[in-house]
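Residues per chain are reported as follows:
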Amino acid sequence: MSSLSRELVFLILQFLDEEKFKETVHKLEQESGFFFNMKYFEDEVHNGNWDEVEKYLSGFTKVDDNRYSMKIFFEIRKQKYLEALDKHDRSKAVDILVKDLKVFATFNEELFKEITQLLTLDNFRENEQLSKYGDTKSARAIMLVELKKLIEANPLFRDKLQFPNLKNSRLRTLINQSLNWQHQLCKNPRPNPDIKTLFVDHSCGQPNGARAPSPANNPLLGSLPKAGGFPPLGAHGPFQPTPAPVPIPLAGWMSNASTVTHPAVSEGGAIGLGGPSITAALKHPRTPPTNPSVDYPSGDSDHVSKRTRPMGLSTEVNLPVNIMPVTFPGHSHGQALNAPDDLPKNVARILNQGSSPMSMDFHPVQQTLLLVGTNVGDIGLWEVGSRERLVLRNFKVWDLSSCSMPLQAALVKDPGVSVNRVIWSPDGSLFGVAYSRHIVQIYSYHGGDDIRQHLEIDAHVGGVNDLAFSHPNKQLCVITCGDDKTIKVWDAATGSKQHTFEGHEAPVYSVCPHYKENIQFIFSTALDGKIKAWLYDNLGSRVDYDAPGRWCTTMAYSADGTRLFSCGTSKDGESYIVEWNESEGAVKRTYQGFRKRSFGVVQFDTTKNRFLAAGDDFSIKFWDMDNVQLLTTVDADGGLPASPRIRFNKDGTLLAVSANENGIKILGNADGIRLLRTFENLSYDASRTSEVVTKPAMNPISVAAAAAAATSAGLAERNASAVAISGMNGDARNLGDVKPRITEESNDKSKIWKLTEINEPSQCRSLRLPENMRVTKISRLIYTNSGNAILALASNAIHLLWKWQRNDRNSVSKATASVSPQLWQPTSGILMTNDVTDTSPEEAVPCFALSKNDSYVMSASGGKISLFNMMTFKTMTTFMPPPPAATFLAFHPQDNNIIAIGMDDSTIQIYNVRVDEVKSKLKGHSKRITGLAFSHVLNVLVSSGADAQVCVWNSDGWEKQKSRFLQLPAGRTPSSQSDTRVQFHQDQAHFLVVHETQLAIFETTKLECVKQWVPRDSAAPISHATFSCDSQLIYASFLDASVCVFSAANLRLRCRINPPVYLPANVSSNVQPLVIAAHPQEPNQFALGLSDGAVHVFEPLESEGKWGVPPPVENGSASSLPATQVGNSSSDQAQR
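Residues numbered from 1 in each chain as written. Predicted model: local features only at pLDDT ≥ 70, side-chain atom pairs only at ≥ 80, totals over all residues. Heavy atoms only, no water.

Trainee: An account of the sheet that holds strand E39 (residues 847–850) is requested, with residue identities and associated values reported.
Mentor: On the basis of which strands lie adjacent, the open sheet formed by four strands has the order E39-E40-E41-E42 and antiparallel pairing. Strands at the two margins of the open sheet, each flanked by one partner only, are E39 and strand E42 (875–879). Put simply, the sheet's adjacent strands are angled 15° from each other on average, direction ignored. One ladder, built from four bridges, connects strand E40 (residues 856–860) with strand E41 (residues 865–869); its direction is antiparallel. The residue of E41 that forms the bridge with Val857 is Phe868. (Pairing = 2+ DSSP bridges. Helix = DSSP H or I, 4+ residues; strand = E, 2+ residues; numbered from the N terminus. Axes fitted to C-alpha atoms, helices over the stretch in contact; angles between N-to-C directions.)

Trainee: Go over the packing of helix H5 (residues 67–86) against helix H8 (residues 136–153) with me, naming the residues and quoting the values.
Mentor: At a minimum axis separation of 9 Å, H5 and H8 run at an interaxial angle of 170°. One way to sum up the angle between H5 and H8 is to call them roughly antiparallel. From H5, Tyr68, Lys71, Ile72, Glu75, Ile76, Gln79, Glu83 and Asp86 reach across to H8, where they touch Thr136, Ala139, Arg140, Met143, Glu146, Leu147, Leu150, Ile151 and Ala153. Grouping the constituent residues of the contact of H5 with H8 by class yields nine nonpolar, two polar and six charged. (Parallel < 35°, antiparallel > 145°, perpendicular 65-115°, else oblique. Contact = heavy atoms within 4.5 Å. Nonpolar A, V, L, I, M, F, W, Y, C, P; charged D, E, K, R; others polar.)

Trainee: Describe the nonpolar core, listing the residues and the values that go with them.
Mentor: Ranked by size, the top nonpolar core spans 41 residues in total, and within it Phe36, Phe41, Leu57, Tyr81 and Leu101 carry the most contacts. Every element with two or more residues in this core is listed here: helix H3 (38–46), helix H4 (50–58), H5, helix H6 (90–101), helix H7 (109–117) and H8. Ranked by residue count, the leading element in this core is H5, at nine residues. The contact partners of Leu57, leaving out residues within four places of it in the chain, are Phe36, Phe41, Ile72, Phe73, Ile76 and Phe157. Formed by 22 residues, the second largest nonpolar core is a distinct cluster that contains Ile379, Phe431, Tyr435 and Ile439. (Core = buried A, V, L, I, M, F, W, Y, C linked by side-chain atoms within 4.5 Å. Buried < 20%, exposed > 50% of the residue type's maximum accessible area, 1.4 Å probe, protein only.)

Trainee: Tell me about the pattern of salt bridges, and name the residues and values.
Mentor: Inspection of every chain in the model, using the stated rule, returns 32 salt bridges. Ionic pairing is found between Glu579 and Arg589, a salt bridge with its closest N-O pair at 2.5 Å. Linking Glu579 in strand E22 (residues 575–581) with Arg589 in strand E23 (residues 586–590), this pair joins segments that are ten residues apart in sequence. Of the two residues, Glu579 and Arg589, both sit in the buried class. For Glu771, the salt bridge is made with Arg768, and the minimal N-O distance between the two is 3.1 Å. Relative accessible area serves as the criterion here: at 27%, Glu771 is assigned to the partly exposed category. Bridged by salt links that share partners, the residues Arg563, Glu579, Arg589 and Asp626 form one connected network. (Salt bridge = Lys/Arg side-chain N within 4 Å of Asp/Glu carboxyl O.)

Here's what the structure looks like:
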């Protein structure tokens, strides 16, 4: 079919939709295969019309076309099958199994067998992988998220998910144009002709009543009109004059060599904004449509569609022809989505900066730390949780003698300076300040109130309008732009200038660095509305494009880097937020809801890959990225300026908003408010306390990411922001369901604090898990990510799995010390048993790691590494036979196919399961590896070994960044088998180190020990320790069978559980706790694995709700106190 015929199909689709031919429009979509209507597909899936769903899909793909298509059909048929089982319609389920699902058996026979086995269960939710299956409605919604991702990734749907940008009723308009043209060709045109048919060409009747010649014989038809014979088309017609062709200096944002004056650019690889090549990106620059856009195919559904097209009232005038009426589907049918609870809408803090905030930015790791720049050049640093302003610096040129003469002259003439932009570097170790006069200042941040002058750059002539950090060639750079119409790139370490980009014809207003396909580039916008893009090569801009509003525009990507947005305000006050089509360079959707005339330049921000926010009309306005309609508006209890500045923290739980009278309001969702309460009584005054503490002041441990895991994060597309904890047993888990602790303990110093000692079983809840097989000792222990089971690995290479079932006493089937679980085995009776070598398994070093969905466990006990199916206990595969033997396992947080494997020969192997290949071998330790932990925020792997050494590795290129040996206490000689374990704090910037001689907290980037706790000389060694799920507590077990609970923020002991609580008097004194595990959602629950093979679960009494009370905060700063040694100074801390 020709391209014009294809376009005609789109015009017909638009016409059918406007005329409400619902079934016909979808039939044509399916039969033509030109446009996949995602909204219609979603509706049919939500309604469970499975036959129609598959029939519609068949117009675009078949089951065996590719792996994406196969997965799409499998998910649909599996859902149909589960719904039949849920209704106990066995005959229908069998029919689906045989007719629909059996086709997949040839591709994965094991999976088909598992699906078939569901028929034998009274409730398929008894299957571990389906235990979270809710009701039909929620299951369909969850499946839809996966289906949409598969469809968008499927190459067969490429270019079929976006409906063309068409003006309203385009087909009618073309017909009207044709009628106008025919009327102009009439010999005797009447002033108000009546059109009665479209089946033949129009012709006005003769004045004397004679019939007009038939169109077929009309000599004028088909001939060109004489020059000047007719008025210009559109002077009186129903359509606008054809616009002049848009000049196309380049064939796209990032063009190919044939149209670029710098062909060398494409040789080095092309920038693809959503695609693999430059040429695929934004190929047809055109002026973005200014008319509003609504979702195709109609505005009368509350389901959000990702396909949009412009629709708006066309400008009509009186016509000489009685043309066909044009329908205008308005927006009155569109239903705004209900504002979700995870938007930060509630005012939690009100701060006063002292001058008007111009720019704000939250720290990327310590997410309650807010940087502020003001209209008089001040910068402030706030800990918004404790409402404490840590830093206030007035503007001052650090070295006036090195400044240019124009700057010196300007400052003498008018010393007034404003901050245009403040921003943190990606790891939070630096921040930059761009001023309205020439200058950029870069500070280094060392925790607390410790900021230090790093660089001062005389960057631009005039104002520096924007500032950003980027990592071209793995080198941290500072990007600036200014009134001198240039963009400049500076080395962030030395301040040397790397690049100057010239080409804008007006002051440059903003910069937006980004990378795709490992190609680094910078977008820039200028005050004439031009958007340009630059590679780091000094070869000129690859883009010359007009932004909506054509004045002050900023650009930003969604957090995952896949969607590009811009926000702009015109000189007349018209404001726009638009999403750009990354493959074509056109506006994909224009968001609605701005005030007709904005007062000032509107600022915007994005969060969670889902929401947009902008300050407009004395309020904050929110949009769902997939819906052009306004989602909700928040006035923050009033007192906002006309166009408030706004900034989300990294996880979207807090929103800083500038307020009147120099104020800043901090808005939070439920998780953000919990996070702020955590800091209610903490003071981050570390630098001042360093004067009274003999050792250097220690950086406070930020728990800023604690609530940021967003308990309501929901479906997979938002799970990317959930924090992963790399556990001490190789546990990498998603914290989507963590209940952040709220620190509500009283710090009343009038009360005498005393360590909570638990000596009797009645003083807490504890439970010994049932056992029916004899194992000698528990070597590894972990909770499943769902929190309803505990998995143990015994020293004889056998795994034990305890599951808590739903019942009257445990309605949510979560692990608890109040209800006994079942020691679970599949009906086959097989055990998960590791491969062992000829040596005794008791001598091997066991290790395991659990997949995020609890479906598989990877495990080793001195022999090959085994991969087990957690539902069937079957061994899926084995690999890596010794030597060397694996001693620690950790899944990569972003890619489950990548595993870090610590070995007994002191190496770390980075192994790709999918291709069965070792990608890298890391060497830096001298003894076996005993701990591995990933930080997905810092992109590093931390390793620890029996050599008491800790190493930090870059997880991109696997280079070693830093290493440090533990400072062992004087006179303490660790055993030859002494393990060193590591586990990341929830802020992903600090980690816990556990050694038999100490507990220590390290800051990762500098690999500095910021807290340490050492048992007294006579105390028993530490056997194991772990963070609670919210990182506010540390549970530590000792070889004398006691368990201690510490406050993680300062490593202060708050509670001790003594052996009689869980060990009967007749139990040998040789029984010791070897491993300890924390519940993934309940901060006050932990489990112990003992040397006699027993496992115990502990919780505080329900009346208590927590383990003890933290020691009082002294001198106003919890973080300033050095960690104490048990029994050194307090009579209540008796020897253990």
